[in-house]
Amino acid sequence: MMNHWGYEVVDQIIWVKLKDQNQIYLSHGYYFMHSYEICLVGYKCPLGETVEYQSKISNNIIFAHVRKKSQKPDELYDIIDLLMPQAKKVELFARNNNLRPGWLSLGNQLGEMFDQWVNDIECNECKTKLTPGTVSYTHLRAHETPEHLVCRLLLEKKK
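Draft legend 1. Local environment of the overall build of the protein chain. Counting secondary structure elements, the protein chain contains two helices and seven strands. Seen in sequence order, the protein chain has helices and strands lined up from the N terminus as β-β-β-α-β-β-β-β-α. The buried share of the protein chain, reckoned over its 159 residues, is 23%. Considering only contacts in the protein chain between residues 6 or more positions apart, those separated by 24 or more positions represent 49%. By element, 54% of the accessible surface of the protein chain is carried by carbon and sulfur atoms, the whole surface being about 12400 Å².

Written out as structure tokens, the structure is:
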């Protein structure tokens, strides 16, 4: 996807998520429990220009504790800052708790009012309002569309 947007992928950084007592953190996934995140590192520059980077400044694995929702470890930014010290940096899919000086943060969950904003979701069949923050609807599979969202109450009635 980064190549489609005009970025050249340099490498990736793997963040192994830890919880208390340095145990591996398990989070939900579709088929497996996930314990890590991948950060793709790349660059984009105008034709004829170059990006200078310092290679071999770190390994590509970070072991760091999970903090706020979607908050990445500081070490991730530090490694990228060391890798490309003079480059402009952008974080795609950023959130408020990931804002950093010297970085351009882009994402649809940024802004001082985002945490108070609520998207009303309702069952497509019975029109019951679904409570934010709870799993009240079926997960979409590859062949399904948002029209397939139904509440658990309706699923129970169909049994």
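The discussion continues.
Draft legend 2. Seen up close, the pattern of salt bridges. One pass over the full model with this rule turns up six salt bridges. Arg-67 is the partner of Asp-74 in a salt bridge, and the nearest nitrogen-oxygen pair spans 3.4 Å. A residue is classified by how much of its surface remains accessible, and Asp-74, at 37% relative accessible area, is partly exposed. Connected via shared salt-bridge partners are Arg-67, Asp-74, Asp-78 and Arg-100.

Draft legend 3. How the structure looks around a nonpolar patch on the surface. A cluster of nonpolar side chains, contributed by Val-9, Tyr-36, Ile-38 and Leu-40, occupies part of the molecular surface with about 360 Å² of accessible area. The greatest single-element share of the nonpolar patch, amounting to three residues, is contributed by strand S2 (residues 36–43).

Draft legend 4. Local environment of the nonpolar core. By size, the foremost hydrophobic cluster in this structure holds 13 residues, and its most contacted members are Ile-13, Cys-39, Val-41, Ile-62, Leu-76 and Ile-80. Elements with a contribution of two residues or more to this core: strand S1 (8–18), S2, strand S3 (61–65) and helix H1 (74–83). Examining the composition of this core, we find that five residues originate from one element, H1, more than from any other. If near-sequence neighbours (up to four positions away) are discounted, Val-41 is found in contact with Met-2, Glu-8, Val-9, Val-10, Asp-11, Gln-12, Ile-13, Ile-80, Leu-83 and Met-84.

Draft legend 5. The side chain of Lys-89, seen in detail. Tracing the backbone through its elements, the reader meets Lys-89 in strand S4 (residues 89–92). Of note is the side chain of Lys-89, whose polar atom sits 2.8 Å from the backbone oxygen of Met-84. A distance of 2.9 Å separates a polar atom in the side chain of Lys-89 from the backbone oxygen of Ala-87. When neighbours within four sequence positions are excluded, Lys-89 is seen to be in contact with Ile-80, Asp-81, Met-84, Gly-102, Trp-103 and Leu-104.

Calculation rules
- Residues numbered from 1 in each chain as written.
- Predicted model: local features only at pLDDT ≥ 70, side-chain atom pairs only at ≥ 80, totals over all residues.
- Heavy atoms only, no water.
- Helix = DSSP H or I, 4+ residues; strand = E, 2+ residues; numbered from the N terminus.
- Buried < 20%, exposed > 50% of the residue type's maximum accessible area, 1.4 Å probe, protein only.
- Contact = heavy atoms within 4.5 Å.
- Areas by Shrake-Rupley, 256 points an atom, 1.4 Å probe, with all protein chains shown as cover.
- Salt bridge = Lys/Arg side-chain N within 4 Å of Asp/Glu carboxyl O.
- Patch = residues over 30% accessible without salt bridge, like charges linked within 9 Å, V, L, I, M, F, W, Y side chains within 5 Å.
- Core = buried A, V, L, I, M, F, W, Y, C linked by side-chain atoms within 4.5 Å.
- Polar contact = N/O pair within 3.5 Å; in protein donor to acceptor, adjacent residues only side chain to side chain.

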